[in-house]
Structure formats: structure tokens, C-alpha cells
Amino acid sequence: MSAILTVEGLEAGYVRDLPILRQVRLSVERASLTVIIGPNGAGKSTLIKAIAGLVPVSAGRVVLDGAEITGIRPDQMGALGLAYVPQTDNIFRHLSIRENLSLVLCRLPDRAQRLDELYALFPPLAAKHKDRAGALSGGQRQMLAVAMALANRPRLVLMDEPSAGLSPKIAAEVLDLARSLTGQGVTVLLVEQNVKQALRVADHCWILAEGRNRIDGPAADILSDPVVGEIYLGGKRVGAA
Ligand SMILES: Nc1ncnc2c1ncn2[C@@H]1O[C@H](COP(=O)(O)OP(=O)(O)OP(=O)(O)O)[C@@H](O)[C@H]1O
Ligand SMILES: [Mg+2]
């Protein structure tokens, strides 16, 4: 196993001299599903935004496949093989499914073929390709957001709470979809609030609290760890390590 992504000593935040993330480290194995969990305000979204170059980094390094990518510009993301799926506003609601996909495919030389491949991967999107994206169900909207992220054949997909706001059944389908991407060699790093569901499909888990690393380990071990229960089920608040 080898890491496709490593983060070392990361300090990042929105306001100068006020870091949200402090000395954060992270390692993501190739073609794995890795989940970041932690209480509200722990810095989970900030961490994946910092990896994607969407939040200023004041110290530390982000390394993708051996190359440092700390503080990339958003327009470099695609060329580096990174895709980022925000929690909200991740599709254009007033455009059709086909128009949404066409937008992200516009730079690909083989865009017609790639569109067909995406429709083959996500048959519900093919069936509704003329429908307005805003009219889709929550699960299908997330499917479209994932399809848009995959359009340019990324190595690493970053997703912020892809199952938020969905029913448990549809949330499980979205997490299964994230899991299935790893079978195609895509690495997935996601933030989740649906902790138990996410841990059942993930390989590895990193827990953040108050902008710092807390615990990490194989997802199966974390699932049976009583400390996770303390953090999430209203027990004793666990301070940062
Ligand atoms: N755009 C912003 N400007 C300033 N501060 C922000 C901004 N976004 C988040 N923060 C602050 O950064 C800290 C970490 O927020 P972040 O959104 O990364 O947490 P999170 O772990 O994703 O939480 P949640 O589970 O609620 O999504 C919080 O204190 C938050 O108030
Ligand atoms: Mg968040």
C-alpha cells in the first residue's frame, strides 16, 4: 500500500494569524476510501478546502503522489487530478443534467465518449438527462455532483458530507457509490456526519477535534472504539491531543 496524499504540519485558516487547523497530518492510501470525522467546527471542511487550495495555508505541506501541491490555485485542481465536491451548491440547479455534465467536460478532447461513459456509470442520470438538475431527488443530485467530479478522470476526489440531508437509505446509497469508486482505482477522501454509516464503508478514519488530530486508525477499529461514542453520543468532551 502506498499513500497518494499526505498532509504534514498543516496550519490553515480564514483570517491571518488565526489558524483553524494546527499541525494537522493526514495520510490517504491509494484507491482507498478515507473518512474524516469530528465535532461541528472541528475544521473538517477547512482541511479538505485547504488540500484543494480553497483556504490559505500558513504552514505545512500537502503532497499528492510525491509532488508538493500546497496552496494550489483552484484552476490547477483538474490538471493535478483532484476533484472537490462541496457540501452544498455542487450542481447548477437551473441547467439540465446533460448541461451540467457538458460544462465540466468542455475541456476534454473525448468529451462525447466520456459523457457516454458517465451515463453508463450512472444510468439514472442517462434516463433523466434532459431534466433540470434542481428537480432531481437529493440522492440523484449527489449522484450528479459525483459524476461531475469524476468527469475529468481525477485521481483523488474530495467530498464534503455527501450524504448530508438525505434519508438513511439514500445516504447509504451515496456512501456505497463513494465506496464503489475505489474499485475503479479512484481515491476518495470524504468528510461525514453520518459516522456509523461512513465507518462501515471506509477503510481508514481520521478524527479531528478543535483543529487538531485526535485519533486515526482502520475504520473497523474506530467503529468499535468507545471514545468515538463519547465524542458523538453526548458523553464527555474529548480535548485535542
Ligand atoms: N468562511 C469562514 N470564515 C471564517 N471562519 C470560518 C469560515 N468557515 C469556517 N470557519 C470557522 O472555522 C472553524 C472550523 O470550521 P469548519 O467548517 O472547517 O468545521 P467542520 O468540522 O467542517 O464543521 P461542521 O461539522 O459544522 O461542518 C469554525 O470555528 C468555523 O467557525
Ligand atoms: Mg463542515
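Residues numbered from 1 in each chain as written. Chains lettered and ligands numbered in written order. Predicted model: local features only at pLDDT ≥ 70, side-chain atom pairs only at ≥ 80, totals over all residues. Heavy atoms only, no water.

### A short note on the sheet that holds strand E9 (residues 204–209)
- Here 6 strands make up an open sheet; going across it, the order is E6-E7-E8-E3-E9-E10 and the pairing mixed. The open sheet terminates on both sides in strands that have one partner only, identified here as strand E6 (82–85) and strand E10 (212–218). Neighbour-to-neighbour, the strand axes of this sheet turn through a mean angle of 15°, independent of strand direction.
- The pairing of E9 with E10 spans 6 bridges and is classified as antiparallel. Paired with Leu208 across the two strands is Asn213, which belongs to E10.
- Contacts between helix H1 (residues 44–51) and the sheet are confined to strand E3 (33–37), E6, strand E7 (156–160), strand E8 (187–191) and E9, with E7 contributing the most and set at about 150° to the helix.
- Along the sheet, helix H6 (residues 168–182) contacts E3, E7 and E8; its crossing angle with E8, the most-contacted strand, is approximately 150°. (Pairing = 2+ DSSP bridges. Helix = DSSP H or I, 4+ residues; strand = E, 2+ residues; numbered from the N terminus. Axes fitted to C-alpha atoms, helices over the stretch in contact; angles between N-to-C directions. Contact = heavy atoms within 4.5 Å.)

### Examining a nonpolar patch on the surface
- Among the surface-exposed residues, Tyr14, Val15, Leu18 and Ile20 lie close enough to one another that they form a single nonpolar patch of about 380 Å² accessible area.
- Looking at the secondary structure, you find Tyr14 in the loop between strand E1 (3–12) and strand E2 (21–29).
- Among the residues examined, Tyr14 registers a relative accessible area of 48% and is labelled partly exposed. (Patch = residues over 30% accessible without salt bridge, like charges linked within 9 Å, V, L, I, M, F, W, Y side chains within 5 Å. Areas by Shrake-Rupley, 256 points an atom, 1.4 Å probe, with all protein chains shown as cover. Salt bridge = Lys/Arg side-chain N within 4 Å of Asp/Glu carboxyl O. Buried < 20%, exposed > 50% of the residue type's maximum accessible area, 1.4 Å probe, protein only.)

### Brief notes about the confidence of the model for the protein
- In this model, the protein carries an average pLDDT of 91, and 95% of its residues clear a pLDDT of 70 or more.
- Ignoring residues within four places in sequence, the model shows residues 233–238, a span with pLDDT below 50, making 10 contacts including any to other chains. (pLDDT = per-residue confidence, 0-100.)

### Side note on the site of ligand 1
- The environment of ligand 1 is formed by Tyr14, Ile20, Pro39, Asn40, Gly41, Ala42, Gly43, Lys44, Ser45, Thr46, Glu161 and Gln193.
- Ala42 is positioned with one of its backbone polar atoms (N or O) 3.1 Å from an oxygen atom of ligand 1.
- Between Gln193 and ligand 1, the recorded distance is 2.7 Å, taken from a side-chain N or O atom to an oxygen atom.
- About the coverage of ligand 1: the protein hides 58% of its 630 Å² of free accessible area.
- Taken together, the residues of the shell around ligand 1 break down into 4 nonpolar, 6 polar and 2 charged. (Near = heavy atom within 4 Å. Polar contact = N/O pair within 3.5 Å; in protein donor to acceptor, adjacent residues only side chain to side chain. Nonpolar A, V, L, I, M, F, W, Y, C, P; charged D, E, K, R; others polar.)

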